[in-house]
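# Summary of structural features
Single-letter residue listing:
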Amino acid sequence: AKFYAALACWFPLGRALLLLIAVSLSGLLLLVVWFIVRRLQGKKFRGTANDDSAKLPYGIAIALGALLAFAA
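Residues numbered from 1 in each chain as written. Predicted model: local features only at pLDDT ≥ 70, side-chain atom pairs only at ≥ 80, totals over all residues. Heavy atoms only, no water.

## Some remarks on helix α3 (residues 58-71)
Stated precisely, the cut-off is as follows: Strands here mean DSSP runs of E at least two residues long; helices mean DSSP runs of H or I at least four residues long; both are numbered from the N terminus. One fewer than the residue count of a helix, multiplied by 1.5 Å, yields its expected span. Partly exposed describes any residue whose relative accessible area lies between the buried limit of under 20% and the exposed limit of over 50%, with all areas from a 1.4 Å probe on protein chains only and scaled to the type maximum. What the arc measures is the spread of directions leading from the helix axis to the C-beta atoms. Only heavy atoms matter for contacts: two residues are in contact if any of them lie within 4.5 Å across the pair.
Here α3 spans 20 Å end to end across 14 residues, near enough to the 20 Å set by a 1.5 Å rise per residue. For α3, the complete set of buried residues consists of A61, I62, G65, A66 and A69. Viewed end-on, α3 has its buried residues packed into an arc of 130 degrees, placing them on one side of the element. Residues I60, L67, F70 and A71 are exposed on α3 and point more than 90 degrees away from its buried face. Summarising the contacts, the buried residues of α3 are in contact with α1 (2-8) and α2 (16-41).

Laid out in structure tokens, this is it:
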């Protein structure tokens, strides 16, 4: 949430919806790729609470969405 808020400060309010949609679509793409990679590696989708490799790195989706919104 902090990363998204920091990136949102760089966009005017009129482009807030564009940023939200770009980050959401990037997150969906990241989720699909993450599921495919985890499946090909033969790993479970659920890990333990301390297993960082089982967590979806959503910061990547936020950064990619911000780049796409900035380029648009």
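From this point, the narrative continues.
## Describing the environment of A61
Secondary-structure assignment places A61 in helix α3. With relative accessibility at 1%, the residue A61 sits in the buried group. For the pair A61 and L25, spaced 36 residues apart in the sequence, the C-alpha separation amounts to 8.3 Å. Every residue in contact with A61, bar those within four places of it in the chain, is listed here: V23, S26, G27 and L30.

## With respect to the nonpolar core
Counted only if it meets this: Nonpolar core, defined: a set of buried Ala, Val, Leu, Ile, Met, Phe, Trp, Tyr and Cys residues in which side-chain atoms within 4.5 Å join the residues together.
In terms of nonpolar packing, the biggest core is built from eight residues, these being L7, F11, L19, A22, V23, I62, A66 and A69. Within the residue set of this core, elements represented by two or more residues are α2 and α3. Setting aside residues up to four positions removed in sequence, I62 forms contacts with F3, Y4, L7 and V23.

## What to know about the packing of aromatic side chains
Filter applied, for reference: Each pair of aromatic rings taken from Phe, Tyr and Trp, with Trp reduced to its six-membered ring, is defined by centres within 6.5 Å and is described as stacked if the planes are under 30 degrees apart, edge-to-face if over 60, and tilted in the remaining cases.
All chains considered together, the criterion is met by one aromatic pair. Taken together, a centroid distance of 5.6 Å and an interplanar angle of 55 degrees make the contact between W34 and F35 tilted. Under the relative-accessibility criterion, W34 is labelled buried at 14%.

## Quick word on a nonpolar patch on the surface
Let me state the cut-off plainly: Patch definition: residues above 30% relative accessible area lacking any salt bridge, with like charges linked at up to 9 Å and the nonpolar side chains Val, Leu, Ile, Met, Phe, Trp and Tyr linked at up to 5 Å. Only the protein chains shown count as covering a residue, and every accessible area follows the Shrake-Rupley method with a 1.4 Å probe. Just to be clear on terms, a salt bridge is a Lys or Arg side-chain nitrogen sitting within 4 Å of an Asp or Glu carboxyl oxygen.
Residues L17, L20, I21, L25, L28, V32, I36 and L40 make up a contiguous nonpolar surface patch of about 810 Å² in total accessible area. Here L25 is to be found in helix α2. Exposure remark for L25: the relative accessible area of 55% places this residue in the exposed category.

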